[in-house]
Structures are given as structure tokens and as C-alpha cells.
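The lines below spell out each chain.
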Amino acid sequence: MKSKTFRIASLTLALLALAAARAASAQATGVAVYPPTGARFLPGQRFDLRVEGKGSAPYAATLSVNGRPVAFTSPNDPVTSDGVSAPGWGGFDVRGYSLRHPGTYVLDATFTDASGVAVSASATLTVEAVGADAGHRGRDDGRGIRNVVIFLGDGMGVAHRTAARIVSQGVTGGTPNGRLAMDTMPAVGLVSTHSLNSIITDSAPGMACYTTGNHFKNNQEGVFPANVSNPFYAPRVEYLGHFLHRTRGTSTGIVTTADIEDATPAANAVYTQARGNGTGIVDQYLDEADVEWSRTGGSGLKVLLGGGRRWFVPSSDTFTSRASSTDYAALPADLLAGWGLPPRAAGAVDPGRDLVSDFQSAGFAYADSKTALDARLAGRPDRLLGLFAWGNMNTAVDKLSERRFKRGIAGYTDTVVQDHQAPDQPMLDEMTTAALSILRRSREGFFLMVEGAHIDKQSHQMDAERAIGETIEFDRAIAVGLDFARRDGHTLVLVTADHECSGFALIGGLSGGLAHLQGLPSDTATYDPAVQPERQKVVGTYDAAAFPAYPKLDDGYPATLDVDGKLLVGFGASGDRWENWLTPAKPSRESLTPTALVTLLAGAGYPSNVPATRLDKKAAGYFIRGQAVGAEQAVHTASDVPLSAYARDPADWMPFVGAYQNTDVFFKIAEVLSR
Ligand SMILES: [Zn+2]
């Protein structure tokens, strides 16, 4: 009796426990299918499909495309330890998928966890009819577009372009004395710049929208925002350079004044959810370069020029930034197979890697200075790696100062580039010339991206003079590209930006002259909201702005950006700052700088990258309160950006006239390539 009671009690407890377990293992949450609704592709362009959810293992999933079941390429019953999904998540992938026929496709997915309850998700994607032949060689008559060059002025809005024109050309009686190279391009469009999760994009999806045709989340490039255990495992969308290399055999070139791991250059060849994971990013440049010409996948990378040597030297070196935490290993086997990549592309956590040496072993000539660049080019290399600084390269203002100093011109120093341990850096037009000298030998054509990075970086710092100097340098690189394209006849040149930065506004000219400005009493000492700052009184607006004039030196650049009547810039997306209207002698320390170099620069008096802390600007300047962003840098804005296009045949630039969104640019390029 006693034992029977016990057994009944035990059974009741067991049933209660089971019910509790059922309640605990409720149906999966966060169930989603990727690509998300709104995704668009070219016929034949590769992308990954993924169904995922969070719950209790084991998991199961189904997926159909327009009602036809699709088999997953990942293991059919991954548990939390599948190595690809984030902890607690289960995911099922189809790697390297593509659709050949234009149209609308509906993805229907189910995801089931231990609860046994299937949760549904769906998405609608489009394969565009334009560019159906983009993956084949150009027109039979030999007149088609074979080469694509994108000049990406990071953060470059309309006002940056106007400032570069006013400063480099001048204005007389209301008429500009000359035009920028980018002003000579026949087509002008207006581009909206939003990302997948915000009206305001950062540079990662800002660039990747042009190179994939899709929106991504901020900080992410070439991948959809799935819950994976490593940011490099996320579902990919094939880049334009990769697509053209695979289908046509084109070569790819990437040129930037930034650290080469930065978002804009990486969003042409590297697939990751974490734009800051530099070790893995630079590894992927080489490991997926397809240097053996398999033409089954990879980027066809032949030219990589910029800063960022810190990622290419072993973690034992002084100025290194390589670390396990920013690397990746073991890309999933089905990813490698689906994307036509060799087993060595799986990656390794190898902070001790000597990546310069690995690039050289793969046939890349290597240059670490302008002098070395010239020497390497004399040998007509097939592939070229140039790393001209440890982090970001220096700005045009600072590189020019070094060159003028070396020529013995009074008033210039090489202090800044020396302090950055990069005393001999090329200008962007020289880097563009170098890239084209190699890429032009590709019979199948090429894709080249050239970035003017400091237009954005110095606008963030509200260093108006360095931002303007970089825009002028950028335009001279565009002139090189246009000169090539006009002779070549098979090249499409686009000039645009990923977003506007800082709400850059040309508010007037300096009134009273430079000497007057420099002789004013300190505004800091007399700071009182009731008293107008002396340096606010010298902002000449309307008539008082008149026509600023900047004498040039024989290198083609303004002798100085501090002249009587100088152009004055306001920042509509401002952080807090001190303003004295003069070019700072020293640039701010960049965030993309190896730790050991940051220490040296701090010791040498380079200010931090928080503009409100700039003591040199504060010394005599007046305080300007930012809007929502407080004591921080200026920020990106949601403003549209201009796009200029050139091709010899008007039919090839006509698609770029008008107002459209960033992802449309990718399909317009494909349309031109398939003409
Ligand atoms: Zn940007």
C-alpha cells in the first residue's frame, strides 16, 4: 500500500516534470530566412540562403523557393555545436546558390526545435532582368565596356566637391575659374544612401551596396545579418569584382588612402559582419584572391594599395595589430565548396602570420614607400601590394608638406609623416596610375575601386582644411582615371560617395584677414554666452564672403589653406568642438593606428580623435556645442550624395542620370556591362 502510493506519486511527479519540460522548450524564437525580403540579384550572381532560429536542440528546417524544395548544403541536423551558428542558435545554409532567370522568388522556410513546433518564415527576393549578360564578354563589335572604375570619395557630399572647386580653381565674378575633373563627367545622379537597418549608413554597407546590389546592416559588408558564431561565417552575397572575375576572368584592384582593412576597401572583396576584424579581413584578401586563376570563385585581386601594414606583420612586431580576436578559422566546408574556393581559404587563427611574405610568395611585388613603388613598377609586375603606412596613410596636406620640405621650399616640414613612421608616401593619383599600369594588361577587363578616405575621416574630426585637401587629391586621382578611360574607350568611370559626413557646409569666408584673426584676443579666456566670440565675428557671410583665392604651387595644390578670406566651413552634424579657423599643425590621432604608434603620437603631442579635446584649437578658439552627438566626432548624415559617370558612348553613362538609390548603381553597372 505504502509502495503503491509511492509509485503513483512518482508517476505524478514524472508527468509534472514532463509538462514543465514541454513548457520550457517552447517553440523556437527569432526564426528567419535569408536573404531578407527586398534582396535583389543579377542572374547567376551567387548568394547564400539560410534558415535559423533559437531554441533547444535538436533542430530541423525546410526551405523552398517558389514552392520547390531546396536541399541544405550544411549538415541536416546541426545542434548548438555545429560551429557555424551562434550559441543557442541553429542554422541551415545553402552556400553559393544562384538563380538564372529574372523574376520574383518567394522563400518559404520552417524551423523546428526540440519542442516539435514548426515556426515559419518567408521572404521575397528579386532577380533583376537588367544585366542578364553581365557575366559574359562585352559586345561582339569590340566597343563595349570591359572595365569599371569606382572612385569612392568617402563621406563626400555636394559641399565637399564645391569646396574643392572653390579652393583649387577659384571664382571670378560668380563664374568658377575652372572645373574639377569630376565636374567634367557627362552624367550626374543623386543617390540615397540608406543601409538595411538605418537611414544613416556607415561605410561598410555604404560601399557594399554598390558592389553587391544589396543593403546590409551597419558594420557589415557583403553578408546578411545572421546569428553565426564567427562574423566571417555569415551568409554572403557575391561582390561585383568576384562575379566578373568568375564569369569573365577580370582582375580586381583596390586602392585607398585608408588602412586597407577599413570598411570601404574591404567591402569590395571581404565578407564579414565585423568591419573592425582586421586580421581576418586582410587574410581574406589573399586567401580568396584566386591567384591560381581557377575562375571558380575568388576576387581576382591583382592590386592592393593603401595603408595598414600593421595587419600584415606578425603579432611579435612593434607596430602590429594582428590578434586572434580579430581573426577567423575554419570557414564551413560547404561554403568553400559552394563558392569555388580552395581548402586553404578556410583560414587559420594565425596572429603570427607574415602576410607580406605570403603575398610575395603568391607573386605580388611589394612596396612600402613611394620610392619602392617606383622601383617595383619599373619591373612591370603582374601583381602589386603597396602598404605605405602602419595605419591610415597621412592626408594630402601632410604628404605635400613633406614633399615641399624635401624640395627646400620654406615654411614646410616633414614632421607629421616622420612621426607616423611613414616618411615617403605616394599621392592618390600616383597610386591610381600604378594600379592602372597593371590592370590595363588584363585582356578580360578589370574592376578597380579607388577611395579618398580622409574626406570622411577629417570631416569626422571637423578638420575642414585636411578634408578639403583630401578632396582635391581625390579629384587628381579621378583625372588619372578619366584620362585612361578617354583613351581606352572601354571603361566606365563612376565617382560617388557612400554617404555624406559631418553636414559639411560652406558658410562664408574669413573677413578681416589672416593677420587680424591671428591677433585676436583669446576667446577661451573671455568665454561668456552673453558675449559674442571674437572669432565668430570674423565669419564673413553673404557679401563679406566674397571670392576666396588660394595661390597654387607648381605641384598643382594650394600653397596653404590658410589665406586671407579663406573659405570657412560649418558642420551641421557637429560634435562639440573648439574653432579658431586655422589649419591644425598636427592631425588628430587616427583610430586605425597600431597601439605602439598611438603611444608615440600621443607623446609627440598629437591630439586624440575627440575634437572637443583639441587643446591647439581651444587655445584661442571659441566653443561650439554639437547637436545630439555631444563631446564626440561629427557624424554621417542621411543626405543624398552626387554621382558622376563617364563612358565614351553616351548610352553607357545615360543610366546614371536621375535620382535613385545606392543599390541601383550595382544593377546599372551590370546593365552597361551587358550592353
Ligand atoms: Zn564612409
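Refer to the structure above for everything that follows.
All figures in this text were calculated on a predicted structure; none of them were measured in a lab.

Criteria and thresholds
- Residues numbered from 1 in each chain as written.
- Predicted model: local features only at pLDDT ≥ 70, side-chain atom pairs only at ≥ 80, totals over all residues.
- Heavy atoms only, no water.
- Helix = DSSP H or I, 4+ residues; strand = E, 2+ residues; numbered from the N terminus.
- Rg over C-alpha atoms; globule rule 2.2 N^0.38 Å.
- Buried < 20%, exposed > 50% of the residue type's maximum accessible area, 1.4 Å probe, protein only.
- Contact = heavy atoms within 4.5 Å.
- Areas by Shrake-Rupley, 256 points an atom, 1.4 Å probe, with all protein chains shown as cover.
- Lys, Arg positive; Asp, Glu negative; His and termini not counted.
- Charge placed at Lys NZ, Arg CZ, Asp CG, Glu CD.
- Pairing = 2+ DSSP bridges.
- Axes fitted to C-alpha atoms, helices over the stretch in contact; angles between N-to-C directions.
- Donors = N, O, S within 2.8 Å, 3.2 Å for Na, K, Ca; no water.
- Tetrahedral: all angles 85-135°; square planar, octahedral: opposite > 155°, others 65-115°.
- Phe/Tyr/Trp six-rings, centres within 6.5 Å; stacked < 30°, edge-to-face > 60°.
- Lys NZ or Arg CZ within 6 Å of the ring centre and 35° of its normal.
- Core = buried A, V, L, I, M, F, W, Y, C linked by side-chain atoms within 4.5 Å.
- Salt bridge = Lys/Arg side-chain N within 4 Å of Asp/Glu carboxyl O.
- Parallel < 35°, antiparallel > 145°, perpendicular 65-115°, else oblique.
- Nonpolar A, V, L, I, M, F, W, Y, C, P; charged D, E, K, R; others polar.

Asks: Hey, could you run me through the overall build of the protein in this one?
Replies: Helices and strands together make up the secondary structure of the protein, namely 20 helices and 27 strands. What you see for the protein is a C-alpha radius of gyration of 27 Å, in line with the 26 Å of a compact globule of 675 residues. Seen through its C-alpha atoms, the protein measures out along the principal axes to roughly 105 × 70 × 50 Å. Looking at the protein residue by residue over its 675 residues, the buried ones come to 60%. Across the protein, contacts joining residues at least 24 apart in sequence account for 75% of those joining residues at least 6 apart. Accessible surface, the protein: about 24,400 Å² in total, of which carbon and sulfur atoms supply 55%. Charged side chains in the protein number 61 positive and 70 negative. The centres of these two groups are separated by 3 Å.

Asks: I'm lost on the sheet that holds strand S4 (residues 60-65) in this one. Help?
Replies: Backbone-to-backbone hydrogen bonds join strands into a sheet, with any given pair of strands oriented parallel or antiparallel. With mixed pairing, the five strands of this open sheet are ordered in space as S2-S8-S7-S4-S5. The open sheet is flanked by strand S2 (40-41) and strand S5 (68-69), the only strands paired with a single partner. As paired strands, S4 and strand S7 (residues 103-112) are joined by six bridges and run antiparallel to one another. Its bridge partner lying in S7, Leu63 is registered against Ala109.

Asks: Sorry, what's going on with the sheet that holds strand S15 (residues 364-367) here?
Replies: Reading across from one edge, S15-S16-S14-S13-S17-S9-S18-S26-S12-S27 is the order of the ten strands in this open sheet, with mixed pairing throughout. Only two strands of the sheet have a single partner each, and these edge strands are S15 and strand S27 (658-661). Strand-to-strand, the axes of this sheet are offset by a mean angle of 20°, without reference to chain direction. Bridge analysis of strand S13 (residues 251-259) against strand S14 (residues 301-307) gives five bridges, and the strand direction is parallel. Looking at the pairing, Asp259 lines up with Gly307 of S14.

Asks: Looking at this structure, how should I read the coordination of the zinc ion?
Replies: By definition of the ideal shapes, a tetrahedral metal site with four donors has angles of 109.5 degrees and an octahedral site with six donors has angles of 90 or 180 degrees. Those protein atoms acting as donors to the zinc ion are Asp154 (OD), Ser203 (OG), Asp498 (OD) and His499 (NE2), and they sit at 1.8 to 2.1 Å. For the zinc ion, the four donor atoms are set out with angles of 100 to 123° between them, so the coordination reads as tetrahedral. Positions of the donor residues of the zinc ion, expressed as sequence spacing, correspond to D-x48-S-x294-D-H. Of the two residues, Asp154 is situated in the loop between strand S9 (147-153) and helix H2 (158-169) and Ser203 in helix H3 (residues 203-212); the sequence distance between them amounts to 49 residues. Both residues of the pair, Asp154 and Ser203, belong to the buried class.

Asks: Would you mind going over unusual backbone geometry with me for this structure?
Replies: In most cases, non-glycine residues show a negative phi, while peptide bonds are predominantly trans. Cis geometry is found at the peptide bond from Tyr34 to Pro35, where omega equals 5°. By secondary structure assignment, the location of Pro35 is in the loop between strand S1 (29-34) and S2. The peptide bond linking Ala57 to Pro58 adopts the cis configuration, its omega dihedral lying at 0°. With phi around 50°, Asn66 is a residue other than glycine that occupies positive phi space. Following the sequence through the fold, Asn66 ends up in the loop between S4 and S5. In the Ramachandran plot, Tyr542 falls in the positive-phi region, its phi being about 45° despite a non-glycine side chain.

Asks: What's the story with the packing of aromatic side chains in this structure? I'm lost.
Replies: To describe a pair of aromatic rings, one takes the distance between the centres and the angle between the planes. This model, assessed by the stated rule, comprises 18 aromatic pairs. Taking the centre distance of 5.8 Å and the plane angle of 75° together, the rings of Phe504 and Phe571 count as edge-to-face. Pair noted here: Phe504 is in strand S20 (residues 504-510) and Phe571 is in strand S22 (residues 567-571), with a separation of 67 residues, a long-range link. Taken individually, Phe504 and Phe571 each receive the classification buried, so the pair is uniform in this respect. Directly above the ring of Tyr646 sits Arg486, whose terminal nitrogen or CZ lies 5.1 Å from the centroid.

Asks: What am I meant to see in the side chain of Asp259 here?
Replies: Turning to its location among the elements, Asp259 is positioned in strand S13. With near-sequence residues (within four places) excluded, Asp259 lies in contact with Pro265, Gly307, Gly308, Arg310, Trp311, Trp390, Gly391, Asn392 and Leu592.

Asks: What is the right way to read the nonpolar core from this model?
Replies: Across soluble globular proteins, nonpolar side chains have a tendency to be buried as a group. If you look at the biggest cluster of nonpolar residues, it comprises 167 residues, and the most contacted ones within it are Leu63, Tyr285, Phe312, Phe359, Phe656 and Ile669. At ten residues, the largest contribution of residues to this core is made by helix H14 (residues 464-488). Residues contacting Ile669, with those up to four places away along its chain left out, are Val148, Ile150, Leu240, Leu492, Leu494 and Phe656. Ranked by size, the runner-up nonpolar core spans eleven residues in total, among them Leu517, Leu520, Val539 and Leu568.

Asks: Can you help me understand the pairing of strand S12 (residues 187-192) in this one?
Replies: Strand residues, when the strand is regular, have side chains that alternate between the two faces of the sheet. For S12 and strand S26 (residues 641-646), the ladder comprises five bridges, and the chain directions are antiparallel. Residue pairing across strands places Val191 opposite Val641, the latter belonging to S26.

Asks: Please clarify how the pairing of strand S8 (residues 118-127) should be interpreted in this entry.
Replies: Here S8 shows a buried face lined by Val119, Ala121, Ala123, Leu125 and Val127 and an unburied face lined by Ala118, Ser120, Ser122, Thr124 and Thr126. Relative to S8, S2 runs parallel, the two sharing two bridges. Each residue of the ladder has a partner; that of Phe41, found in S8, is Val127. Pairing between S7 and S8: ten bridges, direction antiparallel. Residue pairing across strands places Thr110 opposite Ser120, the latter belonging to S8. Connecting S7 to the antiparallel partner S8 that follows it, the hairpin turn spans five residues, and Gly116 within it adopts a positive phi of roughly 80°.

Asks: Would you take a moment to explain the pattern of salt bridges for this structure?
Replies: Between side chains of opposite charge, pairing is possible as soon as their charged atoms come close. One pass over the structure, following the stated rule, counts 41 salt bridges. In this structure, Asp202 and Arg275 form a salt bridge, with 2.5 Å as the shortest nitrogen-oxygen distance. Taken together, the residues Asp202 in the loop between S12 and H3 and Arg275 in the loop between helix H5 (263-266) and helix H6 (278-287) connect sequence positions 73 residues apart. Measuring nitrogen to oxygen at the nearest pair gives 2.6 Å for the salt bridge that ties Lys457 to Asp262. Taken together, the residues Lys457 in helix H13 (residues 454-460) and Asp262 in the loop between S13 and H5 connect sequence positions 195 residues apart. By the burial criterion, Lys457 is buried, and Asp262 matches it. Salt bridges here are not isolated pairs; linked through shared partners, they connect Asp283, Asp287, Arg322, Asp350, Arg353 and Asp358.

Asks: In this structure, what is going on with the packing of helix H10 (residues 396-406) against H14? I would like to understand it.
Replies: The contact between H10 and H14 brings their axes to 8 Å, and the two run at 75°. Here H14 runs roughly perpendicular to H10, going by the angle between their axes. The segment H10 lies against H14, with Ala396, Val397, Asp398 and Lys399 engaging Glu465, Arg466, Gly469, Glu470 and Glu473. For the contact of H10 with H14, the per-class residue count stands at two nonpolar, one polar and six charged.

Asks: Looking at this structure, how should I read H10?
Replies: Because an α-helix completes one turn every 3.6 residues, residues spaced three or four positions apart along the sequence face the same direction. For H10, every residue scored as buried is listed here: Ala396, Asp398, Lys399, Leu400, Ser401, Glu402 and Arg404. Each element contacted by the buried residues of H10 is listed here: S13, helix H11 (415-419), helix H12 (428-439) and H14. Positive backbone phi, approximately 80°, marks Gly408, located one or two places after H10.

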